[in-house]
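Structure assessment
The primary structure of each chain is shown beneath.
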Amino acid sequence: MKLSPDETVFWQHGFITINLTIVTTWILMLLLAVASWVITRKLKKGIHISRWQSMLEIIIITIKNQIKEIGLNKPEEYIGFIGTLFLFIAVANLCIIFPWYQPPTGSLSTTVALAICVFMAVPFFGIEKSGVLGYLKSYLQPTFIMLPFNLISEISRTIALAVRLFGNIMSGGMIVAILLTITPFIFPIVMNALGLLTGMVQAYIFSILATVYIAAAVQESG
Amino acid sequence: MKINWFTVIAQVINFLILVWLLKRFLYKPILNAIDEREKKIISQLKDAEAKEEKAEKEKVEFKQKNDTFDLEKKELMDKTIAETNVQRQKLLDEARTEANKLSSKLEETSKENRKKLNQEIAKKTQQEVFAIARKTLADLASVSLEEQSVNIFVKRIEELTEEEKKKFIEAFKATSKPILIQSTFELPHKQQIEIKKSIQEILGAKTHFEFKTAPELISGIELMANGYKLAWSISEYLDSMEKDISEILKEKSKEKTEKKPETKTKHDVKEDTDEKIEPKKKVVFEKKAESEKK
């Protein structure tokens with residue numbers, strides 16, 4: 001039994017491996033990009049808009065408001081990163097309703113990659129906001145003694161992000177797989193529905209935590 | 001639970017590409033659309049607000065104008081009503097004056113008519129009275145009356161003043177024609193002698209006489225000698241009487257036009273006519289009496 005889609009390899013040449021995780025990610029990327037393009041291609045700027053546009057606007061305004069609620073005053077600057085995190089994880093998790101689909105978020109490599117992105121984004125936005133020195137000073141807050149702890153927290157929370165998402169999604173898939181062998185009919189459907197909920201919650205948690213970290217970096221340095 | 005580091009790197013790159021793609025195709029256009037729409041809505045709201053403000057202002061203005069208009073209307077109405085009343089009063093007054101004028105004119109005309117009629121009646125009456133008197137006297141001028149009248153004539157000749165006598169004598173002396181004596185009836189011989197006698201007494205000489213009858217004298221007798229005339233007849237009396245009466249009438253009417261009474265009831269007019277008629281009668285009778293006396 002394969003625990004991760006990483007293990008399904010389509011093509012390998014030395015270090016380069018094209019596995020199910022990467023392929024699924026590409027498909028999702030294509031889906032998101034094409035859907036966005038199709039919908040925003042005919043954007044209407046008047047009062048009357050299409051239903052698809054309305055749906056997208058609701059999603060984006062909700063994300064924007066969430067970012068603002070957490071404390072980032074200019075959500076337009078961060079929506080590209082945080083919004084994409086949320087949309088990618090949410091779509092990846094929602095697609096479990098399709099048969100034989102294995103979410104890329106169930107692969108530790110993907111979650112680690114996303115965690116690394118957050119890990120890199122925090123100093124990026126911090127430095128962008130208040131310069132390198134300003135950002136680095138935030139590690140000495142409230143006193144320089146706190147520097148090691150700050151560093152540890154920075155690394156540990158990144159690992160926690162990666163493992164939390166991976167564990168939740170992977171376990172959901174595992175439970176369904178195991179239940180299928182025991183009670184193959186109705187029960188897996190219930191678990192799958194639960195999996196959808198878990199997936200949405202995880203997408204929300206991941207992006208909110210990323211926002212909190214970025215907000216903390218931006219506000220501390222500011 | 002292995003971490004495939006190539007996959008990790010690939011996923012990081014994939015994720016960054018996705019961020020770029022979504023930024024390019026999703027967030028930017030949507031956010032722009034939202035911003036633009038918001039701007040549009042705000043501008044529309046502002047427009048609406050401005051319009052509302054304008055409308056409110058206009059409403060107030062219109063209300064004010066309406067109020068002013070109403071007030072003006074009312075004023076004009078009141079003025080018109082007042083003017084109409086004044087005009088009405090004026091017209092009524094005019095009509096009344098006109099009516100008064102007309103009625104007074106009518107009254108005057110009727111009065112005039114009445115006066116004319118009265119005058120006509122008076123004249124007629126007068127004429128009638130004289131005609132009757134004349135006829136009566138003519139009828140009554142019997143011989144005894146003629147005699148009486150000759151007696152009176154003779155008496156008159158005898159009573160002539162010295163001056164008159166002198167004039168008579170002078171007139172007589174200046175002509176050789178006989179003395180003409182006219183009368184309405186043929187004088188009887190006796191009377192002719194009486195007259196001759198009395199004249200001869202005055203003249204103191206014998207002279208010729210010519211006796212003629214003249215019916216127009218109306219019970220009268222006339223003596224003519226070279227322009228000198230000595231006469232007595234009822235006709236003369238009647239002529240002078242008629243003259244007197246018409247003079248009185250003229251005076252009366254003159255007085256009436258001067259006084260011009262404003263309004264007179266029928267009663268008054270009646271009395272008036274009575275007044276007018278009565279003196280005539282009086283005069284006639286007085287003259288009659290006088291003539292009888294004589």
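All values derive from a computational prediction rather than experimental measurement. (Residues numbered from 1 in each chain as written. Chains lettered and ligands numbered in written order. Predicted model: local features only at pLDDT ≥ 70, side-chain atom pairs only at ≥ 80, totals over all residues. Heavy atoms only, no water.)

Thoughts on helix α1 (residues 20-41) of chain A
The end-to-end C-alpha separation of α1 of chain A is 31 Å, in line with the 32 Å expected for 22 residues at 1.5 Å each. Turning to α1 of chain A, its buried residues number three or more, namely Leu-20, Thr-21, Ile-22, Thr-24, Thr-25, Leu-28, Met-29, Leu-32, Ala-33, Ser-36, Ile-39 and Thr-40 of chain A. (Helix = DSSP H or I, 4+ residues; strand = E, 2+ residues; numbered from the N terminus. Expected span 1.5 Å × (residues − 1). Buried < 20%, exposed > 50% of the residue type's maximum accessible area, 1.4 Å probe, protein only.)

Observations regarding the packing of helix α4 (residues 108-137) of chain A against helix α5 (residues 147-182) of chain A
Residues and elements named next belong to chain A. Between α4 and α5, the least distance of the axes is 8 Å, while the angle of their chain directions is 145 degrees. For the crossing formed where α4 meets α5, the hand is right-handed. The residues of α5 that touch α4, namely those facing Leu-108, Thr-111, Val-112, Leu-114, Ala-115, Ile-116, Val-118, Phe-119, Val-122 and Tyr-135, are Glu-154, Ile-155, Arg-157, Thr-158, Leu-161, Ala-162, Leu-165 and Phe-166. In terms of residue class, the contact of α4 with α5 is made up of 14 nonpolar, 2 polar and 2 charged. (Axes fitted to C-alpha atoms, helices over the stretch in contact; angles between N-to-C directions. Left-handed = near helix turned anticlockwise from the far one by under 90°. Contact = heavy atoms within 4.5 Å. Nonpolar A, V, L, I, M, F, W, Y, C, P; charged D, E, K, R; others polar.)

A look at the packing of helix α2 (residues 51-70) of chain A against helix α3 (residues 75-94) of chain A
All names here are of chain A. For the pair α2 and α3, the least separation of the axes is 9 Å and the interaxial angle reads 115 degrees. One element, α2, and the other, α3, form an angle in the roughly perpendicular class. When the axes of α2 and α3 are compared, the crossing they make is right-handed. Side by side, α2 and α3 meet where Ile-59, Ile-60, Ile-63, Lys-64, Ile-67 and Lys-68 of the first sit next to Pro-75, Glu-76, Tyr-78, Ile-79, Ile-82, Gly-83, Phe-86 and Leu-87 of the second. The residue inventory of the contact of α2 with α3, partitioned by class, reads 10 nonpolar, 1 polar and 3 charged. (Parallel < 35°, antiparallel > 145°, perpendicular 65-115°, else oblique.)

Things to note about the nonpolar core
In this structure, Phe-81, Leu-85, Val-118 and Ile-214 of chain A are the most contacted members of the largest nonpolar core, which totals 64 residues. Of all elements in the fold, only α1, α2, α3, α4, α5 and α6 (186-221) of chain A together with α1 (5-140) of chain B reach the threshold of two or more residues within this core. Those residues within four positions of Leu-85 of chain A in sequence are excluded, and the remaining contacts are Leu-114, Val-118, Phe-206 and Ala-210 of chain A together with Phe-15 of chain B. If you look at the next biggest cluster of nonpolar residues, it comprises 24 residues, including Ile-202, Leu-223, Ala-225 and Leu-230 of chain B. (Core = buried A, V, L, I, M, F, W, Y, C linked by side-chain atoms within 4.5 Å.)

Some thoughts on a negative patch on the surface
A contiguous patch of negative charge on the surface is contributed by Glu-49, Glu-52, Glu-53 and Glu-56 of chain B. Within the element layout of this structure, Glu-52 of chain B appears in helix α1. (Patch = residues over 30% accessible without salt bridge, like charges linked within 9 Å, V, L, I, M, F, W, Y side chains within 5 Å. Areas by Shrake-Rupley, 256 points an atom, 1.4 Å probe, with all protein chains shown as cover. Salt bridge = Lys/Arg side-chain N within 4 Å of Asp/Glu carboxyl O. Lys, Arg positive; Asp, Glu negative; His and termini not counted. Charge placed at Lys NZ, Arg CZ, Asp CG, Glu CD.)

Thoughts on the environment of Cys-95 of chain A
All names here are of chain A. Along the polypeptide, Cys-95 turns up in the loop between α3 and α4. For the pair Cys-95 and Gly-199, spaced 104 residues apart in the sequence, the C-alpha separation amounts to 9.7 Å. Among all residues touching Cys-95, those that are not within four sequence positions of it are Leu-28 and Tyr-101.

Here's the deal with a nonpolar patch on the surface
Together, Phe-10, Trp-11, Phe-15 and Ile-16 of chain A together with Trp-5, Ile-9, Ile-13 and Ile-17 of chain B make up a nonpolar patch on the protein surface, roughly 830 Å² of accessible area in all. When contributions to the nonpolar patch are tallied by element, the ones reaching two or more residues are β1 (9-13) of chain A together with α1 of chain B. Among the structural elements, Ile-17 of chain B can be located in helix α1.

Examining the side chain of Ser-138 of chain A
Residues and elements named next belong to chain A. Note on placement: Ser-138 falls in the loop between α4 and α5. For Ser-138, a relative accessible area of 7% corresponds to the buried category. At 2.5 Å, the side chain of Ser-138 and the backbone oxygen of Tyr-135 are in polar contact. (Polar contact = N/O pair within 3.5 Å; in protein donor to acceptor, adjacent residues only side chain to side chain.)

Here we look at the packing of aromatic side chains
Aromatic ring pairs are described here by two measures, namely the spacing of the ring centres and the angle between the planes. Applying the stated criterion across every chain yields a total of 7 aromatic pairs over all chains. Look at Phe-81 of chain A and Phe-15 of chain B: their rings are 5.8 Å apart centre to centre, the planes differ by 85 degrees, and that puts the pair in the edge-to-face class. Of this pair, Phe-81 of chain A sits in helix α3 while Phe-15 of chain B is found in helix α1, placing the two residues in two different chains. The exposure classification of Phe-81 of chain A matches that of Phe-15 of chain B, with both residues buried. Here the aromatic cluster, defined as three or more aromatic residues joined through ring pairs, consists of Tyr-78, Phe-81, Phe-124 and Phe-125 of chain A together with Phe-15 of chain B. (Phe/Tyr/Trp six-rings, centres within 6.5 Å; stacked < 30°, edge-to-face > 60°.)

As for helix α3 (residues 162-173) of chain B
Residues and elements named next belong to chain B. Over its 12 residues, α3 runs 16 Å from end to end, which matches the ideal 16 Å to within 8%, given 1.5 Å per residue. All buried positions along α3 are accounted for by Phe-168, Ala-171 and Phe-172. Within α3, the buried residues cover an arc of 100 degrees as seen down the axis, which keeps them to one side. What points out from α3, more than 90 degrees from its buried face, is the exposed set Glu-162, Glu-163, Lys-166 and Lys-173. (Arc of directions from axis to C-beta.)

Observations concerning the confidence of the model for chain B
Confidence in the prediction of chain B, expressed as mean pLDDT, is 77, and 74% of residues score 70 or more. Per-element confidence in chain B is highest for α1 of chain B, whose mean pLDDT is 87, and lowest for helix α6 (residues 266-293) of chain B, whose mean pLDDT is 47. (pLDDT = per-residue confidence, 0-100.)

Things to note about unusual backbone geometry
Phi is mostly negative for residues that are not glycine, and the peptide bonds are mostly trans. Residue and element names in this part refer to chain A. The phi angle at Trp-100 is positive, at roughly 60 degrees, despite the residue not being glycine. By the secondary structure assignment, Trp-100 is in the loop between α3 and α4. In this structure Trp-100 comes out as exposed when scored by relative accessible area, which is 83%.

Describing the pairing of strand β2 (residues 209-213) of chain B
Residue and element names in this part refer to chain B. Bridge count for strand β1 (residues 179-183) against β2 is 5 bridges, and the pairing is parallel. Its bridge partner lying in β2, Ile-181 is registered against Phe-211. Running through helix α4 (residues 189-203), the crossover from β1 to the neighbouring parallel element β2 is right-handed. (Pairing = 2+ DSSP bridges. Right-handed = clockwise from strand over helix to strand, strands pointing away.)

Describing the pattern of salt bridges
If the charged atoms of two oppositely charged side chains come close together, the side chains can form a pair. All names here are of chain A. All told, the structure shown has 7 salt bridges over all chains when counted by the stated rule. Between Arg-157 and Glu-154 there is a salt bridge, with the nearest N and O atoms lying 3.1 Å from each other. Of the two residues, Arg-157 and Glu-154 both sit in helix α5, 3 residues apart, roughly one turn of that helix. This pair shows no difference in class: Arg-157 is buried, exactly as Glu-154 is.

Considering the pairing of β1 of chain A
Residue and element names in this part refer to chain A. Sheet topology places β1 next to strand β2 (residues 16-19); 4 bridges connect them, and they run antiparallel. By the bridge assignment for β2, Gln-12 is matched with Thr-17. Linking two consecutive strands that pair antiparallel, namely β1 and β2, is a turn of 2 residues; a positive phi of about 70 degrees is found at Gly-14 within it.

So, the interface of chain A and chain B
Between chain A and chain B, the contact holds 46 residues from the first and 32 residues from the second. The junction of chain A with chain B conceals about 3700 Å² of combined surface from both sides, 77% of it contributed by carbon and sulfur atoms. If you sort the residues of chain A by the area they bury against chain B, Met-29, Lys-45 and Thr-84 of chain A come out on top, with a joint share of 16%. The interface formed by chain A and chain B contains 1 salt bridge. Between Glu-57 of chain A and Arg-37 of chain B there is a salt bridge, and its shortest N-O distance comes to 2.3 Å. At the level of elements, β2, α1, α2, α3 and α4 of chain A are the ones that each hand at least two residues to the side of chain A that touches chain B. Looking at the side of chain A that touches chain B element by element, the count peaks at 10 residues for α1 of chain A. Looking at the side of chain A that touches chain B residue by residue, the class counts come to 27 nonpolar, 13 polar and 6 charged. (Buried area = accessible area lost by both parts, 1.4 Å probe.)

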